[in-house]
Amino acid sequence: MTTLGDVMVTRGGSVKPSDFPDEEFELYSIPAHDRGGPEIALGAEIGSSKQIVQPGDVMVSKIIPHIRRARVVGQLAGRRQIASGEWIVFRGSAFDPAYLRHFLLSDGFHSQFMNTVAGVGGSLVRARPAHVKSIALPVPPLPEQRRLAAILDHADTLRSKRGQVLARVDSLTQSIFHDMFGAQSTAQRVELNQMASVVTKGTTPTTVGLNFSKAGVPFLRAQNLQRGTVAFAKDDLYIPTAAHETLKRSWIEPGDLLISIAGTIGRVALVPAGSMTMNCNQAVAIVRLRSPEVAPWLLAWLNSADAKAQIGASAVTATISNLSLGQIRQLKVPAVSDHAVEVFVERSAAVSAKQAILAKAVSATDELFASLQSRAFRGEL
């Protein structure tokens, strides 16, 4: 065993790319990582000083740490390699880079990592490197690290492929919607408010002094709105039942449509029938329809290019993007026939049945992968 402080880079040097305006750099930023890799940019296009990194360095993102981000710096390709200050960098000959990357993405590390966090919320939350240094790192011999990394790489590839299948099935509903309703630009329209009995938003925790717990009523945030439904994760928030009872305005009911209205705006979810009691924060809007049977159709419309264009045009961007309840109420929804809606709902229900089966398979694969990770870093694999 060692600690991450023994392999953390604290004085790796920096460079101001704008001093070299015509030089191409290989830049590891958080946005580039989220897009799948580093970006190639001229020094003139990079606004501030960056860390100097080198092949084989392993990095973990300290910003918005509940999103797990870790990567290995690739081989040299003729450009200087630099990284934003939002990465904590690790370097050393005692670890295999792929092995350390898997450790930094594991449940065991993540739970400790979240205990190092400070900040007021949202994008201002960061892990503190000084506290990350004390996290223990198991360091078996290098051949054993490589064996474990190869097992986890293979398992992660299989997990990713199963997720890709689910993503393709997810897209079927939108394909059906586009085939049936894609040419609605000239259709008569109604405001969303005419279709809804309630359009409201969740509770701001600091306003009412909410205390979170490890059990109770789920307190949804924007990240819980995924693939058109409500998704749960290990780092979800819960509030006591007594607190939920006092926050009636932000109660969530089966059949409600949920829309993210702060940060990543425009995520949507339909609350399934039979769902547990839930509440939500101020980044989530609740739309309760007068005719719940049209909810699957409206969910598909909210995911369409037509709706996204309206939402994007309405959003106000300051520090973060925001969408007001008034703007949601005024969204112009195509007025289509009841029969067309019924046909769409019937077809989408068949897709949803297949989605449910695949989602369970993906969940089982995720659990197996987490078990493999845990066993690997306990020396049991």
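Report follows, based on the coordinates. (Residues numbered from 1 in each chain as written. Predicted model: local features only at pLDDT ≥ 70, side-chain atom pairs only at ≥ 80, totals over all residues. Heavy atoms only, no water.)

### Observations regarding the packing of aromatic side chains
Here the distance between the centres and the angle between the planes together describe a pair of aromatic rings. Across all of its chains, the model carries 10 aromatic pairs by this definition. Their ring planes at 50° and their centres at 5.6 Å tell us that Phe 103 and Phe 109 sit as a pair that is tilted. A single burial state applies to Phe 103 and to Phe 109, both of which are buried. Through a chain of ring-to-ring contacts, the aromatic side chains of Tyr 99, Phe 103, Phe 109, Phe 113 and Phe 377 assemble into a single cluster. (Phe/Tyr/Trp six-rings, centres within 6.5 Å; stacked < 30°, edge-to-face > 60°. Buried < 20%, exposed > 50% of the residue type's maximum accessible area, 1.4 Å probe, protein only.)

### Things to note about the side chain of Lys 50
Structurally, Lys 50 is set in strand 5 (residues 50-52). Among buried Asp, Glu, Lys and Arg side chains, Lys 50 stands out as unpaired, with Glu 39 the closest opposite charge at 8.3 Å. A polar side-chain atom of Lys 50 sits 3.3 Å from a polar atom in the side chain of Ser 48. When residues no more than four places from it in sequence are discounted, the contact partners of Lys 50 are Gly 13, Ser 14, Val 15, Pro 17, Leu 27, Ile 82, Ala 83 and Ser 84. (Helix = DSSP H or I, 4+ residues; strand = E, 2+ residues; numbered from the N terminus. Lys, Arg positive; Asp, Glu negative; His and termini not counted. Salt bridge = Lys/Arg side-chain N within 4 Å of Asp/Glu carboxyl O. Polar contact = N/O pair within 3.5 Å; in protein donor to acceptor, adjacent residues only side chain to side chain. Contact = heavy atoms within 4.5 Å.)

### Notes on the pattern of salt bridges
Where charged atoms from two side chains of opposite charge approach closely, those side chains can pair. The full count for this structure, using the stated rule, is 16 salt bridges. The shortest N-O distance in the salt bridge between Asp 34 and Arg 69 comes to 2.8 Å. Residue Asp 34 is located in helix 1 (residues 30-34), and its partner Arg 69 is located in the loop between strand 6 (58-61) and strand 7 (70-72); the two are separated by 35 residues in the primary sequence. The exposure class of Asp 34 is partly exposed, given its relative accessible area of 47%.

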